[in-house]
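# Topology and contacts: notes
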Amino acid sequence: MPLSSVAAHVDERELPFYESVGNECSMFEHAFRQRLPLLLKGPTGCGKTRFVSHMAAKLGRPLFTISCHDDLTSADLTGRYLLQGGETRWVDGPLTRAVREGGICYLDEVVEARKDVTVVLHPLTDDRRLLPLERTGELLEAPDDFMLVVSYNPGYQHILKSLKPSTRQRFLALSFDFPPPKIERDIVARESGLPGEQCAALVNLAASLRAMKGQDLEEGVSTRLLVYCATLIAAGVPILEAARATLVEPLSDDADVQEGLMEAIHATFG
């Protein structure tokens, strides 16, 4: 399919919901059309994964999502030989499928993967756009409608888990953060069904709790957790119970920190 015709007739109402806060959607489209890899940086639960899902649907391309972790190997991405029906057959991994089919391959929290994973990505992130499969002897050339997207949370970055400068400079990069209050309120209301005025109170509370990041909390309250909280409240769960289950327990196991979080919640909701 020519890139110029991709998503020409997409109904925006049928896409995974995503509320743009800047030029990230147009930048993603430019990167896709110019065959450039993209790096997304931002805190947990701020909308990076939803953004990629939205853009993949908008561009009409299949999405292959890989959640990276310590045990993820290059073979998990490219494929391996497996015994099927008494025969040994090659089975493509998600990265290889995305290259063959012309899709968007998204590696979530790429810094969590083993170092050999980023080595596999390098030939796909320059003008070669190649994927060597040593075990099959193939050298796959990525089609025009293939795109590589990776993400990570800089807040958890440390010397043992970071992208090398030589890797980072292979990507365009976009920084994500939690949306401005009005947009976040609208997102929470849309996703949960809770009235806007109650969502506004949750967003104001989130601002107070996020101010604790770096002092008592490693990470601030995510938009995702606000949606969870609003969903429970809309379903009839008492506000304080919903807040404890979504805005306190997931953020800390420390009793003193939890008490401080509950104090802020009581100050908002009484």
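Parameters and conventions
- Residues numbered from 1 in each chain as written.
- Predicted model: local features only at pLDDT ≥ 70, side-chain atom pairs only at ≥ 80, totals over all residues.
- Heavy atoms only, no water.
- UniProt positions renumbered as here; feature names shortened; annotations may be inferred.
- 1 Å grid on protein atoms, 1.4 Å probe; cavity = no way out; pocket = protein on both sides within 12 Å on 5 of 7 lines; lining within 4 Å.
- Points joined across faces, edges and corners; volume = space filled by probe spheres on them.
- Buried < 20%, exposed > 50% of the residue type's maximum accessible area, 1.4 Å probe, protein only.
- Helix = DSSP H or I, 4+ residues; strand = E, 2+ residues; numbered from the N terminus.
- Pairing = 2+ DSSP bridges.
- Axes fitted to C-alpha atoms, helices over the stretch in contact; angles between N-to-C directions.
- Parallel < 35°, antiparallel > 145°, perpendicular 65-115°, else oblique.
- Left-handed = near helix turned anticlockwise from the far one by under 90°.
- Contact = heavy atoms within 4.5 Å.
- Nonpolar A, V, L, I, M, F, W, Y, C, P; charged D, E, K, R; others polar.
- Domains from an automatic or database assignment.
- Buried area = accessible area lost by both parts, 1.4 Å probe.
- Salt bridge = Lys/Arg side-chain N within 4 Å of Asp/Glu carboxyl O.

The name that an unreviewed UniProt entry assigns to the chain is CbbQ/NirQ/NorQ/GpvN family protein, with the source organism given as Vreelandella rituensis. Quoted verbatim from the Sequence similarities (unreviewed entry) field of the UniProt record, the comment on the chain reads "Belongs to the CbbQ/NirQ/NorQ/GpvN family."

As a further point, take empty space enclosed by the protein. Across all of its chains, the model carries 1 cavity of 30 Å³ or more by this definition. The volume enclosed by the largest cavity comes to roughly 30 Å³. Lining the largest cavity are V110, T118, L121, V150, L163, T167 and F171.

The buried fraction of strand β8 (residues 147-152) is high, at 6 of 6 residues. Neither face of β8 is open: one carries M147, V149 and S151, the other L148, V150 and Y152, and all of them are buried. Summarising the sheet, strand β1 (residues 38-41) and β8 pair through 4 bridges and their orientation is parallel. The residue bridging K41 from the neighbouring strand is Y152, located in β8.

Time to look at the packing of helix α7 (residues 181-192) against helix α8 (residues 196-210). The geometry of a pair of packed helices is captured by two quantities: the angle between their axes and the separation between those axes. Orientation of α7 relative to α8, taken along the N-to-C sense of each, is 125 degrees, at an axis distance of 9 Å. In terms of their interaxial angle, α7 and α8 are classed as oblique. By crossing handedness, the relation of α7 to α8 is classed as right-handed. Mapping the contact onto sequence places P181, E184, R185, V188, A189 and S192 in α7 and G196, C199, A200, V203 and R210 in α8. In the contact of α7 with α8, the residues fall into 6 nonpolar, 2 polar and 3 charged.

Here the chain is described as being made up of domain 1 (3-175) and domain 2 (181-269). Of note, the centres of domain 1 and domain 2, computed from C-alpha atoms alone, are 31 Å apart. Summed over both partners, the interface of domain 1 with domain 2 buries about 910 Å², with 56% contributed by carbon and sulfur atoms. Counting across the domain 1 and domain 2 interface gives 1 salt bridge. Its salt-bridge partner being E191, residue R50 comes within 2.9 Å of it at the nearest N-O pair.

We now examine the pattern of salt bridges. Across all of its chains, the model carries 17 salt bridges by this definition. Note that E29 and K58 form a salt bridge whose closest N and O atoms lie 3.2 Å from each other. Of this pair, E29 sits in helix α1 (residues 24-33) while K58 sits in helix α2 (residues 48-59), and the two are 29 residues apart along the sequence. The two residues E29 and K58 agree in class, both being buried. Of the charged contacts, one joins R170 and D126 as a salt bridge, the two residues approaching to 3.6 Å between their closest N and O atoms. Taken together, the residues R170 in the loop between α6 (165-168) and β9 (172-175) and D126 in the loop between α5 (115-121) and β6 (130-133) connect sequence positions 44 residues apart. A residue is classified by how much of its surface remains accessible, and D126, at 24% relative accessible area, is partly exposed.

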